[in-house]
Amino acid sequence: MRQRQRRRSAGLLLLLSALAAAGSGCSPAERIADSQTRMTVPPASAPAAEPADADGRPDRPITLGFSQLGSESDWRIANTKSIEEAAREAGVTLLLENAEQSQEKQFQAIRSFIRKKVDVIAVAPVIQSGWEPILREAKQAGIPVILSDRAVDVTDTSLYVTFIGSDFYEEGVKAGKYLLDKMRNVPGRVRIVELAGTVGSSPSIDRGKGFRDTIKSRPDFEIVRSAPADFTREKGQSVMKRLLQEESETPQVLFAHNDDMALGAIEAIEDAGLAPGKDIVIISIDGTRQAFERMTEGKINAVIECNPLLGPMIMQAAGEIMQGHTLPKRIVPPESVFTEEMAAKEVNNRKY
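Reference entry: report on the structure contained in this document. Computed from a prediction, not measured in an experiment: that's the story for all the values here.

1. Re the pairing of strand 8 (residues 221–228)
(1) Moving on: Two strands pair when backbone bridges link them, and strand 7 (residues 190–196) and strand 8 are joined in this way by seven bridges, in the parallel orientation. When the sheet's bridge partners are listed, R191 is paired in strand 8 with E222.
(2) Moving on: Read from strand 7 through helix 6 (residues 202–215) to strand 8, the crossover connection turns out right-handed.

Below, the structure is given as structure tokens:
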């Protein structure tokens, strides 16, 4: 049994290593000097830790402490569900704490995990700054850390083992490329409004930068207003309503950093007597079922996929860490771009 588990683990490690060699570079906003890996196949669930042996591995299941940043969106709810299901399938004991968008609560959760002497800590950071001291506490306690979904801005990248999550900068690039193609024959100035996510969060920073770096080739494309809406539907509706009231001209484009904000913005656009997807081109990021349903209605023009189903990758990484293996510093899930022409075929494939 142990031999089979080791052969399986070695095979997974070889897959990760091969993918690391083929991986693309990191986004500029992430201060990560090591290799980046794109997971092109769904990883198998990791086995629980092996019985104690000559290397001193514990004779019990892995205990993973996970600090989830909140439950602010359909994407986040699907992400949490993926982690819970993957832990059950892998035989991992999961201690999950919801920080409700509070970095301080995340620090408290991590200190709680340290006191409980968990085997591995995983965290989805609310914002990317301010993490070095708490991650140093985990390292001093000898507990490896996995970053999930969002990056952190630290000078010492040895404070975490690996970062598993989307390339947010590339998502912004994809959104910009879609817009360049969609509006290529539109003459004159193109007015864009942006609904950004939580201030200081890595997806908001990187998506905005990737989008701007891409559309700057067209000086007639102008972001006339940009405002944070905290990745929530309610804020998306209220902030979009305010932007429409404050702007003397109707913008031609809305770039929303996630689906929930886009869905809220659609309500505000319709309340203003405008047709979302026609009077205002809407580009969103995530890929939730509700966004695909709005695409089938012609109310969203494109969705850049951001894969929330990270649970199996996290459990696999935890298993590899406990077996003493080295992981790539960056692991990126497979993701696509969907347009309204593709929505009807894809809507029933949405798992969240």
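Now that the structure is up, let's keep going.
2. Thoughts on the nonpolar core
Side chains of nonpolar character tend, in soluble globular proteins, to be buried together.
(1) Moving on: The biggest cluster of nonpolar side chains holds 28 residues, and the ones touching the most others in it are L195, M240, L254, I282 and I300.
(2) Moving on: Those elements that place two or more of their residues in this core are strand 7, strand 8, helix 7 (233–246), strand 9 (253–256), helix 8 (259–271) and helix 9 (289–296).
(3) Moving on: Residue contributions to this core peak at six residues, all from helix 8.
(4) Moving on: Excluding anything up to four places from it in sequence, L254 contacts V193, L195, M240, A265, I269, I280, V281, I282 and I283.
(5) Moving on: The next biggest cluster of nonpolar side chains, apart from the first, holds 25 residues, and it includes I83, A90, V126 and I314.

3. Points about the packing of aromatic side chains
(1) Moving on: One pass over the full model with this rule turns up three aromatic pairs.
(2) Moving on: Each ring, one from F107 and one from W131, has its centre 5.1 Å from the other, and the planes form 90 degrees; the classification is edge-to-face. With F107 in helix 3 (residues 103–115) and W131 in the loop between strand 4 (120–123) and helix 4 (132–140), this pair connects stretches of sequence that are 24 residues apart.
(3) Moving on: On the basis of relative accessibility, which here comes to 0%, the residue W131 falls in the buried class.
(4) Moving on: Centroid distance F292 to F338: 5.1 Å. Interplanar angle 65 degrees. Geometry classified as edge-to-face. Note that F292 is positioned in helix 9 and F338 in strand 13 (residues 337–339), a separation of 46 residues in sequence. Accessibility assignment for this pair places F292 and F338 in one class, buried.
(5) Moving on: The positively charged end of K329 is found above the aromatic ring belonging to Y160, 4.4 Å away from the centroid.

4. Notes on helix 4
(1) Moving on: Among the residues of helix 4, those classed as buried are E132, I134, L135 and A138. On an axial view of helix 4, the arc spanned by its buried residues comes to 165 degrees, and they lie on one face. The exposed residues of helix 4 that point more than 90 degrees off its buried face are P133 and Q140.
(2) Moving on: Of the residues one or two after helix 4, G142 is the one with positive phi, at around 75 degrees.

5. Focus on the pattern of salt bridges
(1) Moving on: In the structure shown here, the tally under the stated rule is 25 salt bridges.
(2) Moving on: We note a salt bridge from E270 to K299, for which the minimum N-O separation is 2.9 Å. Of this pair, E270 sits in helix 8 while K299 sits in the loop between helix 9 and strand 11 (302–305); the two residues are 29 residues apart in sequence, bridging distant segments of the chain.
(3) Moving on: A residue is classified by how much of its surface remains accessible, and E270, at 35% relative accessible area, is partly exposed.
(4) Moving on: What makes K299 partly exposed here is its relative accessible area of 24%.
(5) Moving on: For E297, the salt bridge goes to R294, with nearest N and O atoms at 2.9 Å.
(6) Moving on: Judged by its relative accessible area of 40%, E297 is partly exposed.
(7) Moving on: Each of R191, R225, R242, E246 and E247 takes part in one network of salt bridges that share partners.

Reading the values: the criteria
Residues numbered from 1 in each chain as written. Predicted model: local features only at pLDDT ≥ 70, side-chain atom pairs only at ≥ 80, totals over all residues. Heavy atoms only, no water. Pairing = 2+ DSSP bridges. Helix = DSSP H or I, 4+ residues; strand = E, 2+ residues; numbered from the N terminus. Right-handed = clockwise from strand over helix to strand, strands pointing away. Core = buried A, V, L, I, M, F, W, Y, C linked by side-chain atoms within 4.5 Å. Buried < 20%, exposed > 50% of the residue type's maximum accessible area, 1.4 Å probe, protein only. Contact = heavy atoms within 4.5 Å. Phe/Tyr/Trp six-rings, centres within 6.5 Å; stacked < 30°, edge-to-face > 60°. Lys NZ or Arg CZ within 6 Å of the ring centre and 35° of its normal. Arc of directions from axis to C-beta. Salt bridge = Lys/Arg side-chain N within 4 Å of Asp/Glu carboxyl O.

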